[in-house]
2 protein chains.
Amino acid sequence: MTSAVKRSKVVGREVRRRDPDRARASILAAATAEFAALGLGGARVDAIADQAGINKRMLYHYFGTKDDLYRAVLEEAYAAIRAAEGEIVLGRGSPAEAMRELVLFTWRYYREHPEFLSLLATENVNKGAALGGSARIRALNSPLIAKIGSLLDQGVAEGKFRRGVDPFKLYVSIASLCFFYLANRWTLGVSFGRDLSEPAEIEAWGEHVVGVILGYLRP
Amino acid sequence: MTSAVKRSKVVGREVRRRDPDRARASILAAATAEFAALGLGGARVDAIADQAGINKRMLYHYFGTKDDLYRAVLEEAYAAIRAAEGEIVLGRGSPAEAMRELVLFTWRYYREHPEFLSLLATENVNKGAALGGSARIRALNSPLIAKIGSLLDQGVAEGKFRRGVDPFKLYVSIASLCFFYLANRWTLGVSFGRDLSEPAEIEAWGEHVVGVILGYLRP
DNA sequence: CGCTTAAGTAACTATACAGTTATTTATGCG
DNA sequence: CGCATAAATAACTGTATAGTTACTTAAGCG
């Protein structure tokens, strides 16, 4: 060993560095992956700490208990999707074209964030117990509901959409059709002997969802 | 063919009685509830044995490991829904009326078997790993696909349904719309400040699904 | 500089957990 | 009856797990 002169910044050697923001972020990222892959009960705090490259003590320091960390992961995942939803700007085409964009936005977001789908599934197996205690979530309404509402009004005014469709129900319908295929494709694939993760199948399902929604909306 | 008369020979005294069928059944029932409530990782073998009122050793005797028991639970749940699907007899009304019955069957089955929905969600978080190894599941095709297929043909022939709809896609669409609402109503409820477990809301969603499917199928 | 505070570490603890051992007892069959 | 076998039990084992303790070290500030 070389001399342990640790007086000032010893550049040549590994020096313990402090970086709270990075530590928090890397714990959250590791926890998201762990909870998404194994569920609440299956996730291991030690595995999260290892994966994050931090000492387990710091995880407790920053986040409290395992349940607190789980809630933080859910809150972050919700904040992220709501932020993305807030940024959609629909093109200036017809209502049908805008609706198509909106459906494909949801489809793309779900495809690109499988961990969000898994967390959602896990938290619902848990009957929403963790999120129920989160005021932060209750404050985050989806910007999509309002966008869908005005799109529906516009479509009805132009005689392109049927009357009387509830924006919330339409939002949940779009989410249903996008979520179910992606989240449950493993059991669907086993049951029906098809590989639903094939890019061509995935592409086709997105178009199918557009077709179902626009078909339903016809006057 | 077994099950001769169970002669419990004694009376006032606590006698250890043997009943393999009952033991197996009660283990499966307890395991179904436990896995559905807590997921694969969260389920506890001791809790299942307690709940079933049997000694843990017997659980291992009948089912092997925890994973084996989990697979048995999934297989039974699948066998049950396939059996129910096989028994539907659609009325003699129009194709639209028959399709409505078919949608409402799915809706009712999901409502009455929340544990099936939770198991499905859990197994998909698990990426279908347990079911992937089950030849028994692969052999169980859904009888609904064929029924939907002939219904679609009939509707097209009568000029009531649009052409070119894939029965598998329609089946998955119906399942999506029914599953998502029920399985994810906890987080939906928190996010949107609505109690989606209200009987009136549940009733309305079933009708909405019928409306979406029939709306889409219009020529 | 020196001191306070927050960031960091290793090792520990008490309990929970999946799976096993050793043993006992009921039951069907010759 | 007597015996082989399957059903049942309690107590146990080695490890994993969430959470903690006791301590060290970097950074910011007067």
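All values reported here derive from a predicted model rather than from experimental measurement.

(A) Looking closely at the overall build of chain A. Regarding its fold elements, chain A presents 12 helices and zero strands. Scanning chain A from its N terminus toward the C terminus, one meets helices and strands in the order α-α-α-α-α-α-α-α-α-α-α-α. With the principal axes as the frame, chain A shows a C-alpha extent of 80 × 40 × 35 Å. Here chain A holds 219 residues, and the buried ones make up 48% of them. Long-range contacts, defined here as pairs at least 24 residues apart, represent 69% of the contacts in chain A between residues at least 6 apart. By element, 52% of the accessible surface of chain A is carried by carbon and sulfur atoms, the whole surface being about 11200 Å². Taking the average location of the 30 positive side-chain charges in chain A and that of its 25 negative ones, the two points are 6 Å from each other.

(B) Summary view of the relation of the copies chain A and chain B. Note on the copies: chain A fits chain B at an RMSD of 0.0 Å, the axial shift is 0.0 Å, and the rotation between them is 180°. One copy is carried onto the other by what is essentially a two-fold rotation axis. The overlap is high: 100% of the interface residues of chain A also sit at the interface in chain B, so the same surface is used on both sides.

(C) Here's a closer look at unusual backbone geometry. Residue and element names in this part refer to chain A. The backbone phi angle of Lys127 is positive, close to 55°, even though this residue is not glycine. Among the secondary structure elements, Lys127 is positioned in the loop between helix 6 (114-125) and helix 7 (129-132). Taking relative accessible area as the criterion, Lys127 reaches 55% and is therefore assigned exposed.

(D) Spatial organisation of the pattern of salt bridges. All names here are of chain A. Applying the stated rule across the entire model yields 16 salt bridges over all chains. Measuring nitrogen to oxygen at the nearest pair gives 3.4 Å for the salt bridge that ties Lys56 to Asp46. In this pair, Lys56 is assigned in helix 3 (residues 56-63) and Asp46 in helix 2 (residues 45-52), connecting sequence segments 10 residues apart. Of the charged contacts in the structure, one is a salt bridge between Glu85 and Arg82, with a shortest N-O distance of 3.3 Å. Of the two residues, Glu85 and Arg82 are both situated in helix 4 (residues 66-87); the distance of three residues between them amounts to about one turn of the helix.

(E) Representation of the side chain of Ser191(B). Following the sequence through the fold, Ser191(B) ends up in helix 11 (residues 185-192). Each residue touching Ser191(B), except ones within four places of it in the same chain, is listed here: Tyr78(A), Arg82(A), Ile137(A), Leu140(A) and Asn141(A).

(F) Expanded view of the packing of aromatic side chains. Applying the stated criterion across every chain yields a total of 20 aromatic pairs over all chains. Both rings, one in Tyr78(A) and one in Phe116(A), keep their centres 5.6 Å apart while their planes meet at 75°; by these two values the pair is edge-to-face. Remark: Phe116(A) occurs in helix 6 and Tyr78(A) occurs in helix 4; sequence separation between them is 38 residues. As far as burial versus exposure is concerned, Tyr78(A) and Phe116(A) are alike and both buried. Taking the centre distance of 6.4 Å and the plane angle of 40° together, the rings of Tyr110(B) and Phe116(B) count as tilted. Here the aromatic residues Tyr78(A), Phe105(A), Tyr109(A), Tyr110(A) and Phe116(A) are joined through ring pairs into a cluster of three or more. The ring of Phe63(A) carries Arg24(A) above its face, with NZ or CZ at 4.7 Å from the centroid.

(G) Looking closely at the domain arrangement of chain A. All names here are of chain A. According to the domain assignment, chain A contains domain 1 (19-64) and domain 2 (73-217). Distance between the C-alpha centres of domain 1 and domain 2: 28 Å. Residue-level contacts link seven residues of domain 1 with seven residues of domain 2. Looking only at domain 1, the three residues that lose the most surface to domain 2 are Leu28, Thr32 and Ala36, adding up to 64% of its buried area. Where domain 1 touches domain 2, the interface holds zero residue pairs in polar contact (both at pLDDT 80 or more). Here the residues of the side of domain 1 that touches domain 2 sort into five nonpolar, two polar and no charged.

(H) Quick peek at helix 3 of chain A. N-cap assignment for helix 3 of chain A: the residue whose side-chain oxygen lies 2.8 Å from the backbone N of Arg57(A) is Asn55(A). Backbone geometry just after helix 3 of chain A places Gly64(A) at a positive phi near 80°.

Conventions adopted
- The numbering scheme is per chain: residues are counted from 1 as the chain's sequence reads.
- All chains are assigned letters beginning with A, and all ligands numbers beginning with 1, in the order in which they are written.
- Per-residue local features of the predicted model are confined to residues with pLDDT of at least 70, and side-chain atom pairs are confined, for both listing and counting, to 80 or more; whole-chain, interface and lining totals are unaffected and use all residues.
- Heavy atoms throughout the structure, all of them, feed into the side-chain values; hydrogens and water do not.
- Numbering of helices and strands starts at the N terminus; helices are DSSP runs of H or I of at least 4 residues and strands are runs of E of at least 2.
- A simple rule labels every residue: compare its accessible area, found with a 1.4 Å probe on the protein chains alone, to the largest value its type can have, and call it buried under 20%, exposed over 50%, or partly exposed in between.
- By the convention used here, residues are in contact when the closest approach between their heavy atoms is within 4.5 Å.
- Shrake-Rupley sampling with a 1.4 Å probe provides the accessible areas, and residues are treated as covered by the protein chains on show and by no other component.
- Counting rule applied: Lys, Arg positive; Asp, Glu negative; His and chain ends not counted.
- Charge positions come from single atoms, namely NZ of Lys, CZ of Arg, CG of Asp or CD of Glu.
- Superposing copies: least-squares fit, C-alpha atoms only, residues required to have pLDDT of at least 70 in both.
- Each salt bridge in this description consists of a side-chain nitrogen of Lys or Arg and a carboxyl oxygen of Asp or Glu lying within 4 Å of one another.
- Whether two aromatic rings pair depends on their centres lying within 6.5 Å, for rings of Phe, Tyr and Trp, where Trp uses its six-membered ring; planes under 30 degrees apart make the pair stacked, over 60 edge-to-face, and the rest tilted.
- Look at NZ for Lys and CZ for Arg. If either is within 6 Å of the ring centre and within 35 degrees of the ring normal, a charge sits over the ring.
- Where each domain begins and ends follows an automated or database-derived domain assignment.
- Defined in terms of a 1.4 Å probe, buried area is the accessible area two parts forfeit on being brought together, summed over both.
- Here a polar contact is recorded for every N or O atom pair within 3.5 Å, except that within protein the pair must consist of a potential hydrogen donor and a potential acceptor, and residues adjacent in sequence are included only if both atoms are side-chain atoms.
- Gly falls in the polar group here, along with every residue not listed as nonpolar (Ala, Val, Leu, Ile, Met, Phe, Trp, Tyr, Cys, Pro) or charged (Asp, Glu, Lys, Arg).

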